[in-house]
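Here are the chains, one letter per residue:
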Amino acid sequence: MENLIGFLVAAPLLGAALLLCGGRRLDGKGHYIGTLLAAASFVIGAVLFAEMLGRGEHDRALHSKVFSWIPVGGFRADVAFQLDQLSMTFVLLITGVGTLIHIYSIGYMEHDERRRRFFGYLNLFLAAMLLLVLADNYLLLYVGWEGVGLASYLLIGFWQHKPSAATAAKKAFIVNRVGDVGLSIAIMLMFTTFGTFTFAPVLTDADHASEGKLTAIGLMLLLAACGKSAQVPLQSWLGDAMEGPTPVSALIHAATMVTAGVYLITRSGPIFEGAPDAQAAVVTVGAVTLLFGAIVGCAKDDIKKALAGSTMSQIGYMILAAGLGPIGYVFAIMHLVTHGFFKAGLFLGAGSVMHAMNDEVDMRKYGGLRTYMPITFVTFGLGYLAIIGFPGLSGFWSKDKIIEAAFAKGGTEGWILGGAALLGAAITAYYMTRVMLLTFFGEKRWGTTPSPDEPSAEPAAESAGAHAEPHPHESPKSMTIPMIVLAVGSVFAGGLFSLNDAFLTWLEPVTGHSHGDSPLSAAAVTAGTMVVLAIGVALAWAQYGRRPVPRTAPRGSLLTRAARRDLLQDDFNHVALVKPGQYLTRGLVYLDHKLVDGVVNGTAASVGGLSGRLRRLQNGYARTYAVSMFGGTAVLIAATLLMRAV
Amino acid sequence: MTHAATVHSLWTTAAAAPDKIPSPDIEYGQLSPTLIVLGAAIVGVLIEAFLPRRQRYAAQLFVSVVALAAAFAAVIGLAAGDYGTSKARVAAMGAIAVDGPALFLQGTILLVALVAVFTFAERRLDPVAHGNRVDSFAAQAAAVPGGDAEKAAVKAGFTTTEVFPLVLFAVGGMLVFPSANDLLTLFVALEVFSLPLYVLCALARRHRMLSQEAAVKYFLLGAFSSAFLLFGIALLYGYAGTVTYAGIADVVDGQVRNVTPALAGTMGNDALLLIGGAMVLMGLLFKIGAVPFHMWTPDVYQGAPTPVTGFMAAATKVAAFGALLRLLYVVLPGLRWDWRPVMWGVAIVTMLGGAIVAVTQTDVKRLLAYSSIAHAGFILAGVIATTPEGISSVLFYLAAYSFVTLGAFAVVTLVRDAGGEATHLSKWAGLGRRSPLVAAVFAVFLLAFAGIPLTSGFAGKFAVFKAAADGGAGALVVIGVISSAIAAFFYIRVIVLMFFSEPRTDGPSVAVPSPLTSSAIAIGVAVTLVLGVAPQYFLDLASQAGVFVR
């Protein structure tokens, strides 16, 4: 059984190799190969899962060493896999959702002439992510981590002919590098502290290390997680990453990439438990991000960017939960899985809408689409209900637990975190309802005739709409079927996991669990959640359901305008990082030109000048040469005598 | 008592007679490399005297190659017989040392000479004159350049096959030079290898005036330096009462108390020692080409026939450094606090001077001449280390450098235009496009000169600099590295010129050589790369050979 683990990674990796090296002859069937290998990986995962269920809960972990990677003296790095319940959860999510997204992409990318390459990158993405969650040491995890970064760069910038896509890819890559530096420093610190970076010894010995070291490692791991999971302050890339094809967004947001940070923190639990300061930093980042993302999500008119804000916010929930320690690990992962279902469904739904609307992304130009695309409407609607935490659906089960756990943290901290989580739930309900209403309800705002109440629409927008009037239609089966499957998951997964605490029992042997000491009863938290949920929905209804929606966005309040600009994240980065960086490089270039080049060129010139002058001594006359020899001998003798005299 | 025993008894009794001159005790076996070469040189002279003109070339080439190969085999035999290590000794009544450095350097000189003879014998590069294949040497050396006699000689197809015995005589002298164990032998060896070289320098077929001018300059300046050397020897004799290395060293070390009455006024006078030592050093530094005794080098390198230049640049340097090492390590070690600072100065000005002046050179042969000066400086840095590592690093450097030099000059003979070899650098522009192979080979040699890793130049430079740094000459190493950087400029400049410039329309053509020159160049490249990629075996060999007998 252990030997199968390698094939989980190998299958999509083979796909990537085939598709990227295979050349044009695979153009016609490349997408099938890619999808098939992703599915193969899922099947292998399912087999391993079934086999794992058959074993006792404490010996479910499998280990498999493939080969010694870097054996140098005391430094040992192996390519070795570890498949325990935590990894298994991720494997099923990644391969399952990943495969669905592959299937969806067959239809979505049908008219793209670089479809084979797209599937190659998708496979590479899966392989890297699987390597990340299956590695049994931090160094191999780092390989997967970087592989994810590479694949995301390639996919976000897939439409490289668009300058915005190329820029977004670069932005994602560069922001991620900042996080990657954190991970590499954390790994080095681990090696100096523990002498190894294999999970088992590091995590077992964590309580022997000094708190200072653990805090340093923890903060560096958090930095890494912030980069990959788009948490404040490294969140800025996520919104721009929407420039990639929509299936890529679904893959990044649901199954891969952004979940890596949650995995890293959950996996490194013992380190954080030994470093309360680092843990406090984690929950702060989580709480801030969940509000940050939610507020941004409220202001965006671009459907994908609104969903991106939502992802940021939901991952914030998970990071928050992971930062709570054993109270929260299980719920962080559970929310991650349920989120994987409904966020993938939402993105695929959004893609389906865009597909129907000539790639229009502005929700103010949608409206009333529910009759035109019923399947998309239903599946998107179920995803919507799941994400806001409608009772009984997936999101309800997992989000409710996180809010509960936040309160259970205890003390003032617990109240603040719980309050933030509750507030986040309200805002989530608000912005998701807004998305739903703008897209599927109300009157249609697309087409050439402007709405009667909006005669002063921008001429530019008009001309853009004029040349290609959309004819909304339902998407092909290859796209709708994955959406249906994901919708089913969005509805039932949460309930299934919570039945007899199934998920808790499953994951507890790996992550541990404690109930904490909640000042509020579970029922009270649930009731509170329901109340804020209702308020959020009602507010959105009042604003977007009852009145017609203007085709162009009103100016809005200061906060709205700031939120439209992603709460000034890019402005902040520009002023705080880019400008100083530019001044620094300009200064260095100036120094290089004036000082370094000056010295170099000056030296060269003086050597050349000296050479020209010395050359003249070589005048061709033997007498001059003889004089030189004579003088030289005199100096030689004088110097020798002088040395004796001194 | 048998008859034989009686004879023996008589013999020994007679030999013990006090007033009889003792017959010298010569170890012919241990001297065989030198004897073979000198014997073959005499055979060569006889060939010139008795064989018809048409047959001389083949016969001379055969004799030379066989003699050099046999001599090399003899060196290997001696080394295998532990004469380089445990059985190292002084032979020929104290005149010749047979030890590790001597055998290593003799082996190197013999191999270099063997390869050089290939380039001497090359007859396909110059266009056929009147139906005769010709080599790089004048048809008739005695004929006035441009005169009727010369034209007649060319028409008759004369060639100067005397170059082969001349080379063999020079090699004979060079073999003795680094193994000479007294000052007189040293002087005789110096003259034995210098005089044939003066003649060889004058023998160029093209640009004969330049060639003869070079020879005269070389001869005059060589005679001038010999005078200094000889005077230094006289002073040293006055100081020590002996010319043997060991004897002088004993006096320097203060182990000799009984003063020869005739020399009572001078013996042990340190002024004589210092002045004499400096003058002998000067004579050797002249041969090495160290600044400020280097000024003959560019003119002679440029004027001499290129095969001779290659031979001279490689073999003379090996022989002269061998003699310098023996002088400093055997005769004057007790004086090292006096000569080290002086040699520091010489090494510095040699490294910097050679590298700096080379920057503005426009002729490839002069460029290589200045490069050889800079390299002399680098080797001096190893000499100054005064450690066993210093000796072995210098030995290795010499072996590595001599093959690079030989190969580089062999390539120079290939690039030709109507006037013979096209040595002006501007004509080499774009050579890499026209003759990629030749340009690439030359680039390998240039990279080795510059000391780029994976070439023998790097291994050698690293060895001498390491030895110098370990020997307490860190500052010298810094200056050496700076000089290397300057030197890299002009080596790389030639590579850039060859590969990244547009070829000239009137550019030179590359002649197709016979297997002789081809194999010489191939051996050069092979040694350069082997010593660069896997130097350890040869470094070990050099360090085994790094002990002088006294």
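About the thresholds
- Here the residue index of a chain counts from 1 through its sequence in written order.
- In the order they appear in the text, chains get letters beginning with A and ligands get numbers beginning with 1.
- In keeping with the model being predicted, local features are shown solely for residues with a pLDDT of at least 70 and side-chain atom pairs are shown and tallied solely at 80 or more, while totals for entire chains, interfaces and linings include all residues.
- Note that the side-chain values use all heavy atoms of the structure and ignore hydrogens as well as water.
- UniProt positions are given in the numbering used here, feature names are shortened, and annotations may be inferred rather than shown by experiment.
- Only buried Ala, Val, Leu, Ile, Met, Phe, Trp, Tyr and Cys residues count toward a nonpolar core, and they belong to the same one when joined by side-chain atoms within 4.5 Å.
- The classification of residues rests on relative accessible area computed with a 1.4 Å probe and restricted to protein chains. Under 20% of the type maximum is buried, over 50% is exposed, and intermediate values are partly exposed.
- We call two residues contacting when some pair of their heavy atoms lies within 4.5 Å.
- Working convention: axes come from line fits to C-alpha atoms, limited for helices to the stretch in contact. Angles between N-to-C directions cover 0 to 180 degrees.
- Secondary structure elements are defined from DSSP: runs of H or I of at least 4 residues count as helices, runs of E of at least 2 residues count as strands, and each element is numbered from the N terminus.
- Any angle that falls under 35 degrees is termed roughly parallel, while one over 145 is termed roughly antiparallel, one within 65 to 115 roughly perpendicular, and all others oblique.
- Should the near helix be turned anticlockwise from the far one by less than a right angle, the crossing is left-handed, and should it be turned clockwise, the crossing is right-handed.
- Note on definitions: buried area is the accessible-area loss of two parts on being combined, 1.4 Å probe, summed for both.
- Residues adjacent in sequence count toward polar contacts only when both atoms are side-chain atoms; beyond that, a polar contact is any pair of N or O atoms within 3.5 Å, and within protein one must be able to donate a hydrogen and the other to accept it.
- Only Asp, Glu, Lys and Arg are considered charged in this grouping, and only Ala, Val, Leu, Ile, Met, Phe, Trp, Tyr, Cys and Pro are considered nonpolar; every other residue, Gly among them, is considered polar.

Chain B goes by NADH-quinone oxidoreductase subunit N in an unreviewed UniProt entry, where it is assigned to Streptomyces hygroscopicus. Regarding chain B, the UniProt comment filed under Sequence similarities (unreviewed entry) reads as follows: "Belongs to the complex I subunit 2 family." We quote the UniProt Subunit (unreviewed entry) comment for chain B here in full: "NDH-1 is composed of 14 different subunits. Subunits NuoA, H, J, K, L, M, N constitute the membrane sector of the complex."

Peer 1: It is not clear to me how the nonpolar core should be interpreted in this structure. Could you clarify?
Peer 2: Among soluble globular proteins, nonpolar side chains are generally buried collectively. Counting residues in hydrophobic clusters, the biggest one holds 202 residues, and the most contacted among them are B:Phe120, B:Val171, B:Phe177, B:Phe311 and B:Phe442. With near-sequence residues (within four places) excluded, B:Val171 lies in contact with B:Val37, B:Leu68, B:Ile109, B:Leu110, B:Ala113 and B:Phe311.

Peer 1: So what exactly am I meant to see when it comes to the packing of helix H14 (residues 303–323) of chain A against helix H17 (residues 394–408) of chain A here?
Peer 2: Two quantities define a packed helix pair, namely the angle between the helix axes and the distance between the axes. All names here are of chain A. At a closest axis distance of 10 Å, the pairing of H14 and H17 adopts a crossing angle of 45°. The pairing of H14 with H17 is recorded here as oblique in orientation. Taken as a pair, H14 and H17 cross one another with a handedness that is left-handed. From H14, Gln 314, Tyr 317 and Ala 321 reach across to H17, where they touch Lys 399, Ile 402 and Ile 403.

Peer 1: Before we go on, may I ask you to explain the interface of chain A and chain B in this structure?
Peer 2: Many descriptions give the size of an interface as the accessible area lost when the pieces come together. Tallying the contact residues gives 25 residues for chain A and 35 residues for chain B. Across the interface of chain A and chain B, roughly 2700 Å² is buried in total on both sides, 74% from carbon and sulfur atoms. Interface area lost by chain A to chain B is led by A:Met629, A:Leu636 and A:Arg644, which between them contribute 25%. The tally of links from chain A across to chain B stands at 12 residue pairs in polar contact (both at pLDDT 80 or more). Among the secondary structure elements, those contributing two or more residues to the side of chain A that touches chain B are helix H24 (569–615) and helix H25 (622–645) of chain A. At 15 residues, H25(A) tops the list of elements feeding residues into the side of chain A that touches chain B. Grouping the constituent residues of the side of chain A that touches chain B by class yields 14 nonpolar, nine polar and two charged.

Peer 1: Is there a simple way to think about unusual backbone geometry in this case?
Peer 2: Note: most residues except glycine have negative phi, and most peptide bonds are trans. Residue A:Pro233 follows A:Val232 across a cis peptide bond; omega there is 10°. Following B:Val291, the chain continues into B:Pro292 via a peptide bond in cis, with omega recorded as 5°. Along the chain, the position of B:Pro292 falls in the loop between helix H10 (270–288) and helix H11 (296–303). Non-glycine residue A:Asp359 carries a positive phi angle of around 60°. In this fold, A:Asp359 is placed in the loop between helix H15 (329–356) and helix H16 (374–388). Looking at A:Asp359, the relative accessible area reads 53%, which means it is exposed. Positive phi values are uncommon outside glycine, yet A:Asn500 reaches one of about 55°. Relative to the assigned elements, A:Asn500 resides in the loop between helix H20 (477–498) and helix H21 (502–511).

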